[in-house]
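Analysis of the macromolecular model
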Amino acid sequence: MNPKKTFPKGGVHPEENKLSSEQPIITFPIPKQAIIPLGQCLGAPAEAIVKKGDEVKVGQLIGTARGFISANVHSSVSGKVTKVDEVMDHTGYRKPAIFIDVEGDEWLEDIDTSDTLIKDITLSREEIIDRVKNHGIVGMGGATFPTNVKLSIPKDKKAEFVIINAAECEPYLTCDNRLLLEKPNEFLVGVKVVMKAVDAPKAIIGIEVNKIKAAELLDNIIKGDSYFSGIEVQPLQTKYPQGGEKQLIKACTGREVPSGKLPIETGCVVVNVASTYAIYEAVQKNKPLISRVVTVTGKSVKKPSNFLVRFGTSSMELIEAAGGLPENITNIINGGPMMGKSVSISDFPVIKGTSGILVMTDKEAQPRQVGNCLRCGKCINACPMGLEPYLLSRQAKNNLFEDTEASNIMDCIECGSCEFTCPANIPLLDYIRYGKNKTGQIIRSRNQK
Amino acid sequence: MNNYIISGSPHVHGNESTKKIMYSVIIAMMPAFLFSIYYFGFDAVRVTLISVAACVLVEWLIQKYLVKGQNTISDGSAIVTGMLLAFNLPSNIPAWMIIVGAIVAIGIGKMSFGGLGNNPFNPALVGRVFMLISFPVAMTTWPTPQPIFGEALTDAVTGPTLLGHIKEGLAQGIAANELTAEEIINPLIYSGSLGEIGSIAIIIGGIFLIIRKVIDWQTPVIIIATVAIISTVCWLIDPVQFVNPMIHIFGGGLMLGAFFMATDMATSPMTMSGKIIFAIGIGALTIIIRLWGAYPEGMSFAILIMNAFVPLINKVCKPKRFGNTVKK
């Protein structure tokens, strides 16, 4: 393997707390009722194409994408649609969802449910991207951007590298690590599929050294099989936000994505581990995205676990299976502690972007007293994008949106390193998000003129 | 319904806090404090206690009756200011003068701008310079060190500082090499303020702060290096007019200023490039004042002058933005 690399500027070292890294993936029982939200990706929610009383099978399309940035939704269970109604999802808003009462586990016939590894990629580039689109695959690291859009390279651009985001730099989360350890061959075939889809000769798997077992396993498989030539394992220093798309590209290739541009500008296409595995299943097994690995964890959780969960399963069932809700819960977080979103309810449906459910008690998540900015500069040192969080937050607080734009607020990746490191506990990122939102509106309305 | 906390990410914190930073600084000042007790005995304790108590009290009163905001006295920053102010004073200074200095340092230097983090000038230095101008005699009459152990080397009750002695000697036309021939840096012969006397103790505290990552190593090193380079060049050109550079490095308040006052977070630039400019400026101004100015010591003025440039430096010295490389 190559010597380990990292991105050059900023970053922090949160406590890793990978409590569930030794826990094998447990296939979670199929729920009695699945509540499948139609909006599971960044962009427009899908449109329901089933109605009350319809019988559905596992893998059947139940919601179609609306617009370019949108993804299809498939049934994760078999049974009868009881209603198409609204449900409160992890965002705390009521969103349209399809409610299905589960009966048995009947799959569509053309889905290959066996465990056989299929290495030969018979589909063409276009067919792969079509399959990825039809099977509703989105970025499963949490951003849920439709993957087919990512894989469709603009005509005037060329992909040189596929970069697999196996950094899993978020503390607590272990779902990608477990997937790599338990399904390394399937994952690597997935990488080959992505390479074919974007016509890239090389793939780099960027993986933090705290997952050295998985890195070595992959490296051995690649070295032992010429089929996987062109794929390279790149160990990375354990540092947050190593898995940020721009930081990952910088660490793996030394290239910098220009401000305001997409990764393809540097000839890179970045895909997450879980998405790569989903692409394998979709392309080689014709299986739509209907389940994912979810890490259920927290210091006070009795049995931190990794579950393979059908979408629409209630988060509460997962928490129960991990030992139940501990006392003094103050926060439930959808995702990891650095970028995840806190939820207002303990019972929400698992969807494509649910990488983890993190439970925190009052001891860990006590709101801290906010003090004066000391102008210590720690936030500047922590910012991986070379911004000045103290300045941005002040400008945003005072509604100075011309200044925030001039200070490159739109470059912020919202990793939260600044706030993590702030000795005065200033909610820097809250102000910056607000400023980014407003500045973005101003820029968009100006561009429309 | 459950009452979960809804907050924006990140949901964990690095456990750095203002308190931790301030108490680290206080711990780092302890070696120098013990040194000053060794040299000046009970007087060092008296000056430090009065200064700290006055600073804390003034901040508390202003918080309570004028600002009426959240009380922040427990963050320890007033203690730091109090100790730094004490380190800048002679050990025989009357108590009321210390209290006046504390009122100016905290009241004008810090709280009038909005308290911690908002002050453009180092509060302890504001207090010190105010006292230097208001009470020039008391502020420059230095008691001779009377070590607790062993005997004092001279019978004199007051003595000059090393830099003061040199300045005076040079003014009288005595050659620099004669002035320093025998008596290089013996703190027992020359006096100074509480924090001026033990450069080694200051360095120990400074290294502690650098290891704890409270301060960066660049600022103090560059200040000291700038002073060293300019004074060495001058000394090599004309050893009759200029003294051995070691005296400038270890004499006076250079170490105290470089490690504890130029690194003050609120009054130093935010980025490393800015800090480098800031440090070179302090070093250069310090040695210019010492060599050619009217005062024998220039550290506090140099820091205050450069403090005034900090907003400008912050405006010019931006961190290198990610992805702003010019690329086709």
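Please read these numbers as outputs of a predicted model, since none were measured by experiment.

Rules and cut-offs
Residues numbered from 1 in each chain as written. Chains lettered and ligands numbered in written order. Predicted model: local features only at pLDDT ≥ 70, side-chain atom pairs only at ≥ 80, totals over all residues. Helix = DSSP H or I, 4+ residues; strand = E, 2+ residues; numbered from the N terminus. Buried ≥ 20, exposed ≤ 12 C-beta atoms within 10 Å, placed from the backbone. Contact = placed C-beta atoms within 7 Å. Rg over C-alpha atoms; globule rule 2.2 N^0.38 Å. pLDDT = per-residue confidence, 0-100. Pairing = 2+ DSSP bridges. Nonpolar A, V, L, I, M, F, W, Y, C, P; charged D, E, K, R; others polar. Axes fitted to C-alpha atoms, helices over the stretch in contact; angles between N-to-C directions. Parallel < 35°, antiparallel > 145°, perpendicular 65-115°, else oblique. Left-handed = near helix turned anticlockwise from the far one by under 90°. Core = buried A, V, L, I, M, F, W, Y, C linked by C-beta atoms within 7 Å. Expected span 1.5 Å × (residues − 1). Arc of directions from axis to C-beta. Domains from an automatic or database assignment.

A word on the overall build of chain B. Counting secondary structure elements, chain B contains 14 helices and 2 strands. Burial statistics for chain B: of 328 residues in total, 51% are counted as buried. Pairs at least 24 apart in sequence give 76% of the contacts found in chain B among residues at least 6 apart.

Right, let's talk about the overall build of chain A for a bit. For chain A, the count of helices and strands is 13 helices and 17 strands. By the compact-globule yardstick of 22 Å for 449 residues, chain A fits well, its C-alpha radius of gyration being 22 Å. Expressed as lengths along the three principal axes of its C-alpha atoms, the size of chain A is roughly 65 × 50 × 50 Å. The proportion of buried residues among the 449 residues of chain A is 55%.

Let us now look at the confidence of the model for chain B. Residues and elements named next belong to chain B. Model confidence for chain B is summarised by a mean pLDDT of 86, while 89% of its residues fall at 70 or above. Taking the mean pLDDT of every element in chain B, the minimum, 64, falls on strand β2 (residues 158-159) and the maximum, 95, on helix α4 (residues 95-108). Across the assembled chains, the prediction reports ipTM 0.87 with pTM 0.90.

Looking now at the sheet that holds strand β7 (residues 79-88) of chain A. Residues and elements named next belong to chain A. The sheet built from 4 strands is open, its strands ordered β2-β8-β7-β4 with antiparallel pairing. Of all the strands in the sheet, the pair left with one neighbour each is β2 (33-37) and β4 (55-56). Where β2 meets strand β8 (residues 94-102), 5 bridges bridge the pair, whose relative direction is antiparallel. Its bridge partner being in β8, Pro37 is matched across the sheet by Ala97.

Let us now look at the interface of chain B and chain A. At the interface, 34 residues of chain B touch 55 residues of chain A. Looking at the side of chain B that touches chain A residue by residue, the class counts come to 12 nonpolar, 17 polar and 5 charged.

Turning to the packing of helix α2 (residues 42-67) of chain B against α4(B), a few remarks are in order. A pair of packed helices is characterised by two quantities: the angle between their axes and the separation of those axes. Residues and elements named next belong to chain B. Following both chains from N to C, one finds α2 and α4 inclined at 40°, their axes separated by 8 Å at the closest point. Here α4 runs oblique to α2, going by the angle between their axes. For the pair α2 and α4, the sense of crossing is right-handed. Residues Val47, Ile50, Ser51, Ala54, Cys55, Val58, Glu59 and Ile62 of α2 touch α4, and the partners they reach there are Ala95, Ile98, Ile99, Ala102, Ile103, Ala105, Ile106 and Gly107. Its residues assigned to classes, the contact of α2 with α4 shows 13 nonpolar, 2 polar and 1 charged.

Moving on, we get to the nonpolar core. Where a protein is soluble and globular, its nonpolar side chains tend to be buried together. Residues A:Val162, A:Ile163, A:Ala203 and A:Val269 are the most contacted members of the largest nonpolar core, which totals 137 residues. In this structure, A:Ile163 is in contact with A:Ile204, A:Gly206, A:Leu248, A:Ile249, A:Cys252, A:Cys268, A:Val269 and A:Val270, ignoring residues within four places of it in sequence. If you look at the next biggest cluster of nonpolar residues, it comprises 74 residues, including B:Leu85, B:Val129, B:Ile223 and B:Met299.

This part covers the pairing of strand β5 (residues 61-64) of chain A. Two elements, strand β3 (residues 47-48) of chain A and β5(A), share 2 bridges in a ladder whose sense is antiparallel. Bridged to A:Ala48 within β5(A) is A:Gly63.

Residues and elements named next belong to chain A. Taking 1.5 Å as the rise per residue, helix α5 (residues 212-224) with 13 residues should run 18 Å; its terminal C-alpha atoms sit 18 Å apart, in good agreement. Residues of α5 that are buried: Ala214, Ala215, Leu218 and Ile222. Around the axis of α5, the buried residues are gathered within 100° of arc, so they sit on the same side. α5 presents Asn220, Lys223 and Gly224 as exposed residues on the side facing more than 90 degrees away from its buried surface. Where α5 is buried, its residues touch α3 (175-182), α4 (184-198), β10 (202-208) and β11 (231-236).

So, on to the packing of helix α12 (residues 254-261) of chain B against helix α14 (residues 299-316) of chain B. All names here are of chain B. It is at 9 Å that the axes of α12 and α14 come closest, and there the two elements cross at 30°. One way to sum up the angle between α12 and α14 is to call them roughly parallel. Between α12 and α14, the residues in contact are Leu254, Gly257 and Met261 and Met299, Ser300 and Ile303, respectively. Of the residues belonging to the contact of α12 with α14, the class tally is 4 nonpolar, 2 polar and no charged.

Before going further, it helps to examine the environment of A:Glu15. Relative to the helices and strands, A:Glu15 resides in the segment before β1 (25-27). Taking the C-alpha atoms as reference points, A:Glu15 and A:Glu170, separated by 155 residues in sequence, lie 9.7 Å from one another.

With that settled, the discussion passes to the pairing of β7(A). Residues and elements named next belong to chain A. Bridge count between β4 and β7: 2 bridges; the pairing is antiparallel. Paired with Glu55 across the strands is Lys80, a residue of β7. With 9 bridges joining them, β7 and β8 adopt antiparallel strand pairing. Residue pairing across strands places Lys83 opposite Phe99, the latter belonging to β8. Where β7 hands over to β8, the hairpin turn is made up of 5 residues, of which Gly92 adopts a positive phi near 90°.

Let us look at the sheet that holds strand β9 (residues 161-166) of chain A. Residues and elements named next belong to chain A. The 4 strands lie next to each other as β11-β10-β9-β12, forming an open sheet whose pairing is parallel. Every interior strand has two partners, whereas the edge strands, β11 and β12 (268-272), have only one. In this sheet, neighbouring strand axes are inclined to one another by 25° on average, regardless of whether the strands run parallel or antiparallel. Where β9 and β12 come together, 5 bridges link them in parallel fashion. Pairing of Phe161 across the sheet is with Cys268, part of β12.

Residues and elements named next belong to chain A. Domain annotation for chain A reports domain 1 (125-285) and domain 2 (378-448). Of note, the centres of domain 1 and domain 2, computed from C-alpha atoms alone, are 29 Å apart. Contacts between the two partners involve 7 residues from domain 1 and, on the opposite side, 7 residues from domain 2. Class assignment for the residues of the side of domain 1 that touches domain 2 results in 2 nonpolar, 4 polar and 1 charged.

Further remarks concern unusual backbone geometry. Each neighbour pair has its own omega, and for A:Tyr240 with A:Pro241 the value is -5°, a cis peptide bond. Looking at the secondary structure, you find A:Pro241 in the loop between β11 and α6 (245-253). Positive phi, close to 40°, is recorded for A:Glu168, a residue that is not glycine. Note that A:Glu168 resides in the loop between β9 and α3. The class for A:Glu168 is buried, based on 30 C-beta atoms found within 10 Å. One non-glycine residue, B:Asn15, lies in positive phi territory at about 65°. With respect to the element layout, B:Asn15 can be found in the segment before α1 (18-40).

Turning our attention to α2(B). Each turn of an α-helix holds 3.6 residues, which means side chains three or four residues apart point in the same direction. All names here are of chain B. In a regular helix each residue adds 1.5 Å, so 26 residues correspond to 38 Å; α2 covers 36 Å between its end C-alpha atoms and thus fits that length. Here α2 has its buried residues at Ala44, Val47, Thr48, Ile50, Ser51, Val52, Ala54, Cys55, Val56, Val58 and Glu59. Buried positions along α2 lie against α1, α3 (77-87) and α4. Immediately beyond the C-terminal end of α2, within one or two residues, lies Lys68, with a positive phi of roughly 55°.

Assignment of secondary structure puts A:Glu109 in the loop between β8 and α1 (125-134). The spacing of A:Glu109 and A:Cys415 is 306 residues in sequence and 43 Å in space, taken between C-alpha atoms.

So, on to the environment of A:Ile329. Note that A:Ile329 resides in strand β15 (residues 329-334). Residue class for A:Ile329 comes out buried when judged on the 20 C-beta atoms lying within 10 Å of it. In sequence terms A:Ile329 and A:Ser300 are 29 residues apart; their C-alpha atoms lie 9.0 Å from each other. The residues contacting A:Ile329, other than those within four sequence positions of it, are A:Val359, A:Thr361 and B:Tyr4.

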